[in-house]
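# Inside the fold
Given next are the chains, with one letter for each unit.
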Amino acid sequence: MIGLTAGVMGSVVVTTVMIIVKTQELPPVYESNIYLVLDRPIAVYELDLFYDPRATLEGFIESLNFEYKSYFSLTCLKLIVTAFKLKPIVLEKLPSPIEQIPKDTPSIVVLNATVFFNQSYTAEEVRAALINYTRIIDLINKYNGKPSGRYATINLAKSIFRATNPSSFKKKDALMQKDVEINMSPQDYVLEAISGSNDDFYTTPPIQKKTCDYFVPAYMSITFERSFPTTEKRQFADLASTLQDLATNVQNRITSKFGTSFIKLDILLFSDQPILFPNTQTVLTTVVCRIYLTLNQRATLIEQSLKDDTQSITLLDVANVPSSAIAIKSTTTAATLSTTTSTKTPDTTTTITVTRTPEITVSTIAKTTSTPLTRVPETVTTTSRCNLNDQVYEAYMSISLLLSATNDEMAVFSNIGTTIEDIRVSLNVELKVAFPLSFLKFNYIMMSNQPIVFSTMKSRRRKRQSDQTAVIIVIGKAYFTQSQSRFELRTSLKNYKLGIDVLNKYGTSNTRLSSFSADHSIFGDTSSIELTSEEIVDLTAYC
């Protein structure tokens, strides 16, 4: 018995224990895409530009996160802004015949966002968090450049909220998602809406960054018409101040339209004194300028930026006392856009050059054409040699050609493209003959799209065949290897004439002789410039 017991006690009993560990599943993440629209009226003293776009965006990020995390305190993980329009979108303001005092201009502020939750919600539930959402949005005061704050309120009718969907992100990844960032380029982030019902989300195209190394110059001739009583003289009270006021006015209008995509304004040509419009008590003041934009814009859009513009013009009366009156922008003002681009960023300082001329040198320009022209080989050759890496000089000029036509002949070109090419080629010939050793090339910039009639009824007895005088304005710049004065340039064209084909009322083309008018033309002195590589290649053929 004892032996048996010991044997049993000495045996080894092995017990196997199996432990099964069940992995806990991570809670799902849901996301809702939203498109927010806020109404932000623009006061008459404000520009349609955020005072600080980056601060405005950061304010939205902070406040929207606060709203959602307060409303969904246990379930909202994070909100990120995925797209942001860098300036308010101005809505069309319909004129009111009874409106006497300027009122606010309606505009909206828009952005896209994504909200992450750890629970599913309907679109109405997501929407409920922002029913009373408001923000103070700072725009720019157009008069002092300081911030101008007013409340923006959410427009629930235009905003879109979507029900949550399961997200591809886990909680950790969702919390690491970042908001869109702002570069200083004005249109790095462009919000585009795809039309559809409230179930269709407004999406944003891929972000394309812009750079100020890319710019497009636009040339404009802007004319203001002002009453001219017999008690006044055709003389500015202060020429420099008048030009400075015009430059500030134009710059403010362009900035208001294009925002920070506007880089710089250059005043190219300006006259010494206004011109008396024939047979009226009206005088005209014109400035020829160039603006730089980061994006290509249509000429009509640039013209719209100056629509209904006014400017106070101060002349001297017969007693040499300043006399001010409001001038309105002429409907025949031209604006055209050059499609030439460059990788050289211009100095952003506004350039103003006052061109003093003894003659009356202001003209109106009609809406221009942007007809592309191909370069024609030089008509006059020269054996002179030049080094374009040395000094080269350029001069801007606004050339006026006068022509007479009967009432049977409409003030319309038979073929504007042919007319432009004839003018361009003939001016190159004329300037080459006048400056055989220094002239390189005349570059056409813009021209009135039709002759501008400014006087009629030459003969009272022949009303049916009375002559009408019209002016054709051509703006361009010429390159030289030597400095030339504006007087020399004006004198070189004193005998310039060119046949212009115009249509009569029967649709038949007639050729009318046009001649250069110094009284309606503006010339600037040449200035030394640094050529781009493209300009060197282009001008070498004329060297």
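Since this is a predicted model, take the numbers as computed values, not measurements. (Residues numbered from 1 in each chain as written. Predicted model: local features only at pLDDT ≥ 70, side-chain atom pairs only at ≥ 80, totals over all residues. Heavy atoms only, no water.)

## What to know about the overall build of the protein chain
When helices and strands are counted, the protein chain shows nine helices and 27 strands. Counting contacts in the protein chain only where the partners sit at least 6 residues apart, residues at least 24 apart contribute 82% of the total. Roughly 28,400 Å² of accessible area belongs to the protein chain as shown, and the carbon and sulfur atoms make up 52% of that amount. (Helix = DSSP H or I, 4+ residues; strand = E, 2+ residues; numbered from the N terminus. Contact = heavy atoms within 4.5 Å. Areas by Shrake-Rupley, 256 points an atom, 1.4 Å probe, with all protein chains shown as cover.)

## Considering the side chain of Ser 63
Note on placement: Ser 63 falls in helix α2 (residues 53-71). The residues contacting Ser 63, other than those within four sequence positions of it, are Tyr 133 and Arg 135.

## Here we look at the environment of Ile 263
With respect to the secondary-structure elements, Ile 263 resides in strand β12 (residues 262-270). Overall, Ile 263 belongs to the buried group, its relative accessible area being 12%. Taking C-alpha positions, Ile 263 is 9.7 Å from Val 216, a pair spaced 47 residues apart along the chain. (Buried < 20%, exposed > 50% of the residue type's maximum accessible area, 1.4 Å probe, protein only.)

## Looking at the environment of Val 90
For Val 90, the location among the structural elements is in strand β4 (residues 89-90). We classify Val 90 as partly exposed; its relative accessible area is 40%. A sequence separation of 17 residues divides Val 90 from Ser 107, and the C-alpha atoms of the two residues are 4.3 Å apart. In this structure, Val 90 is in contact with Ile 42, Asp 48, Thr 105, Pro 106 and Ser 107, ignoring residues within four places of it in sequence.

## Observations concerning the nonpolar core
In terms of nonpolar packing, the biggest core is built from 33 residues, with Ile 34, Leu 36, Phe 60, Tyr 68 and Phe 84 touching the most fellow members. For this core, the secondary-structure elements that each account for two or more residues are β1 (30-39), α2, β3 (76-84), β5 (107-117), β6 (134-141) and β7 (147-154). Not counting chain neighbours up to four residues away, the residues in contact with Leu 36 comprise Leu 64, Val 109, Val 110, Leu 111, Leu 130, Ile 154, Ser 159 and Phe 161. Leu 401, Leu 431, Leu 489 and Leu 493 belong to the second-largest nonpolar core, a separate cluster that totals 29 residues. (Core = buried A, V, L, I, M, F, W, Y, C linked by side-chain atoms within 4.5 Å.)

## Here's the deal with a nonpolar patch on the surface
A cluster of nonpolar side chains, Val 44, Tyr 45 and Tyr 143, forms an exposed patch at the surface whose accessible area comes to about 330 Å². The residue Tyr 45 is located in the loop between β1 and β2 (46-50) in this model. (Patch = residues over 30% accessible without salt bridge, like charges linked within 9 Å, V, L, I, M, F, W, Y side chains within 5 Å. Salt bridge = Lys/Arg side-chain N within 4 Å of Asp/Glu carboxyl O.)

## As for the packing of aromatic side chains
In the structure shown here, the tally under the stated rule is 14 aromatic pairs. Judged by centre distance (5.7 Å) and plane angle (15°), the rings of Phe 50 and Phe 84 are stacked. Residue Phe 50 is found in strand β2, and its partner Phe 84 is found in strand β3; the two are separated by 34 residues along the sequence. We note that Phe 50, like Phe 84, is buried. Between the aromatic rings of Phe 435 and Phe 480, the centroid separation amounts to 5.4 Å while the plane-to-plane angle is 85°, which identifies the pairing as edge-to-face. One end of the pair, Phe 435, is in the loop between α7 (416-434) and β21 (439-447); the other, Phe 480, is in strand β23 (residues 467-480), and 45 residues separate them in sequence. (Phe/Tyr/Trp six-rings, centres within 6.5 Å; stacked < 30°, edge-to-face > 60°.)

## Details of the side chain of Thr 526
By secondary structure assignment, the location of Thr 526 is in the loop between β26 (522-523) and β27 (527-529). Exposure remark for Thr 526: the relative accessible area of 10% places this residue in the buried category. Side-chain polar atoms of Thr 526 contact the side chain of Ser 483, separated by 3.2 Å. Looking at Thr 526, its side chain comes within polar contact range of the main-chain nitrogen of Gln 484, at 2.7 Å. Excluding residues that lie within four positions of it along the chain, Thr 526 makes contacts with Tyr 393, Glu 394, Ala 395, Phe 480, Ser 483 and Gln 484. (Polar contact = N/O pair within 3.5 Å; in protein donor to acceptor, adjacent residues only side chain to side chain.)

## Considerations on the confidence of the model for the protein chain
Mean pLDDT over the protein chain stands at 75; residues scoring 70 or higher make up 72%. Here residues 1-17 is modelled with pLDDT under 50, and outside its nearest four sequence neighbours on either side it reaches zero contacts, counting other chains as well. In the model, residues 337-343 has pLDDT below 50 throughout and makes 24 contacts with residues more than four positions away in sequence or in other chains. (pLDDT = per-residue confidence, 0-100.)

## Things to note about the pairing of strand β15 (residues 310-317)
Sheet topology note: the strand β11 (residues 232-236)/β15 ladder contains two bridges and is antiparallel. Bridge assignment links Glu 232 to a residue of β15, and that residue is Asp 317. Two elements, β15 and strand β16 (residues 322-329), share seven bridges in a ladder whose sense is antiparallel. The partner of Thr 310 across the bridge, within β16, is Ile 328. The turn linking β15 back onto β16 is made up of four residues, and Asn 320 within it adopts a positive phi angle of 65°. (Pairing = 2+ DSSP bridges.)

## What about helix α5 (residues 239-258)?
Across its 20 residues, α5 extends 29 Å between first and last C-alpha, which sits within 8% of the 28 Å expected from 1.5 Å per residue. Here α5 has its buried residues at Leu 239, Thr 242, Leu 243, Leu 246, Ala 247, Asn 249, Val 250, Ile 254, Thr 255 and Phe 258. Where α5 begins, the side chain of Asp 238 points an oxygen toward the backbone nitrogen of Ala 240, at a separation of 3.2 Å. One or two residues past the end of α5 sits Gly 259, with phi positive at roughly 65°. (Expected span 1.5 Å × (residues − 1).)

## Here we look at unusual backbone geometry
Even without being glycine, Asn 320 reaches a positive phi, approximately 65°. With respect to the helices and strands, the residue Asn 320 is situated in the loop between β15 and β16. Under the relative-accessibility criterion, Asn 320 is labelled partly exposed at 46%.

## Things to note about the environment of Ser 261
By the element assignment, Ser 261 lies in the loop between α5 and β12. When its relative accessible area of 1% is taken as the criterion, Ser 261 is described as buried. Sequence separation between Ser 261 and Tyr 292 is 31 residues; the distance between their C-alpha atoms is 8.4 Å.

## Digging into the pairing of strand β19 (residues 392-406)
Consecutive residues of a regular strand have side chains that alternate between opposite faces of the sheet. By the criterion of burial, β19 is predominantly enclosed, with 13 of the 15 residues buried. Across three bridges, the pairing between β19 and β27 is antiparallel. Within β27, the residue paired with Val 392 across the bridge is Ile 529. Looking at chain direction, β19 and β26 are connected through two bridges and run antiparallel. In the strand pairing of β26, Met 397 is matched with Phe 523. In the sheet, β19 pairs with strand β25 (residues 509-516) via two bridges, with the strands oriented antiparallel. Bridge pairing in β25 links Leu 401 to Phe 516.

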